Structures are given as C-alpha cells and as structure tokens.
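Structural description and commentary
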Amino acid sequence: MNSNILKIIIIDTDLRLHESYKWFFANYTDYALVGLYTSTEDAEKEYHNTKPDIIISEVHLPVIGGIESIRLFRAKNRNVKIIMISNRPDFELVKKAFKSGANGYLTRPVDKDRLYNALNAIKYEGAAMSNDIVKKVISNFHRKSYKFFSERENQIIDYLCKGATYKMIADKLFVTTSTINFHIQNIYLKLNVNSKSEALIKLREL
C-alpha cells in the first residue's frame, strides 16, 4: 500500500451503514478502509494486522463503549487519531470524549463529503468537529454563569432553567440523582429559597 495513503478502521453497530462506508472509501484516493467492525473487541483482535492511522468509532457501543476504547487504542499506538460519531451533539459526551483523548467528533448523518473533510482535518490540522458541535460548544461557553456558584452548580442551574428534571440532569452529567439533589440543596441555600420555582424566579432576578 502507498505509504501516503492513511489506513482507516471504522467501528459502527449499524450494519446498514457498512456498505455506505465501503462506497465512500472506494471514492477516496488518499484513505484506505482496512477494517470495518461492530464492536471494540473485534477491532482490537485485528489491530496488529490493520495498524490504523485513524480510528472512527461510534460512541455508543456494547460492552466497551467508544469513549472507553480510546485509552485502549492509545495503549497500542499513542499517535493513532480517533474520531467519535454519535447521533446528537451532546455537550457532556463531546467534552468527555475530548478529555479522554479523542481527536474529532462528528454527528450523524455522515455523508461521503463530510467524512472526507473530517479525515482531511485530522490529517492536516489534527482535529475535526461537526459544525453543530462547534455551535454547541460555543453556546455552552457563552451560557450565563454566577460567580457565587461552583462550576457544577452553574451546570445544574443551566439545565434547571431549561426545564430539565433531576433525573435528566443526572443522566446528562453522569452522576446519581442523589448527587444532583445535594447540589440543588446547596443552590437553594445560597439563593435563600425552598423550591425550584422560587429558585428560578430568584435566578431571573439575578
């Protein structure tokens, strides 16, 4: 294989997309698809044969999730580039992926041109991100924060103001509802209120 052609493996549970991926790469001249899998485990078993330059992995995978697999693949090759793919631009997942060492994050649907542009971004710039995720990231950095609350409390306040329930917030922040309840009580204490409705009124006044 031409040394200038980068080797790619893809891990995606949707078998219907596998044929699309094959067609995409049949049209690329500088990228070669050397492995197509439905699980991290299968990709790991053949890693010594494929030796990919770039890994494209679905976030939500059975057994070993996409984000969890980043450390596993990095142990095999610290220079391998990894792009995550998911169905929606969930800011917490995006943040978790990049903190874990991902180089890129795309949201579906991913067509031939979008994937090619992402691969080029990784190749020449070292990172790739969908426009909707860029907007989400900017939005989260621009959200209102209150200096007398901690970073976690400000996150919870942001979700409360959007109408999220305690369980929804817990799921978004990957913590238990009891942890959210603990932070909520601290927020109420700082605002000197006793309920969510009172808290929202007070926050609007602030």
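As the structure is a computational prediction, the values presented were derived from the model and not from experiment.

1. Section: the pattern of salt bridges
Working definition: two side chains of opposite charge can pair if their charged atoms are close together. Evaluated as defined, the whole model comprises 13 salt bridges. A salt bridge links Lys22 to Glu19; the nearest nitrogen and oxygen atoms lie 3.3 Å apart. With Lys22 and Glu19 both in helix 1 (residues 15-26) and three residues apart, this pair spans about one turn of that helix. According to the relative accessible area criterion, Lys22 is partly exposed, its value standing at 43%. The exposure class of Glu19 is exposed, given its relative accessible area of 53%. Between Lys172 and Asp90 there is a salt bridge; the shortest N-O distance is 3.6 Å. Here the residue Lys172 occupies a position in helix 9 (residues 166-173), and Asp90 occupies one in the loop between strand 4 (81-86) and helix 5 (91-100), the gap between them amounting to 82 residues. When its relative accessible area of 8% is taken as the criterion, Asp90 is described as buried.

2. What about the environment of Asn4?
Within the element layout of this structure, Asn4 appears in the segment before strand 1 (6-11). For Asn4, a relative accessible area of 56% translates into the label exposed. Counting along the chain gives 27 residues from Asn4 to Tyr31, while the straight-line C-alpha distance between them is 8.7 Å. Apart from residues no more than four positions distant in its own chain, Asn4 is found in contact with Asp30 and Lys123.

3. Side note on the packing of helix 9 against helix 10 (residues 177-191)
Between two packed helices, what matters for the description is the angle formed by their axes and the separation of those axes. Close contact between helix 9 and helix 10 brings their axes to 9 Å; oriented N to C, the two are set at 110°. One way to sum up the angle between helix 9 and helix 10 is to call them roughly perpendicular. Pair helix 9 / helix 10 crosses with right-handed handedness. Only Thr177, Ile180, Asn181, Ile184 and Tyr188 of helix 10 make contact with helix 9, whose side of the interface consists of Tyr166, Lys167, Ile169, Ala170 and Leu173. When grouped by side-chain class, the residues that make up the contact of helix 9 with helix 10 number seven nonpolar, two polar and one charged.

The rules behind each value
Residues numbered from 1 in each chain as written. Predicted model: local features only at pLDDT ≥ 70, side-chain atom pairs only at ≥ 80, totals over all residues. Heavy atoms only, no water. Salt bridge = Lys/Arg side-chain N within 4 Å of Asp/Glu carboxyl O. Helix = DSSP H or I, 4+ residues; strand = E, 2+ residues; numbered from the N terminus. Buried < 20%, exposed > 50% of the residue type's maximum accessible area, 1.4 Å probe, protein only. Contact = heavy atoms within 4.5 Å. Axes fitted to C-alpha atoms, helices over the stretch in contact; angles between N-to-C directions. Parallel < 35°, antiparallel > 145°, perpendicular 65-115°, else oblique. Left-handed = near helix turned anticlockwise from the far one by under 90°. Nonpolar A, V, L, I, M, F, W, Y, C, P; charged D, E, K, R; others polar.

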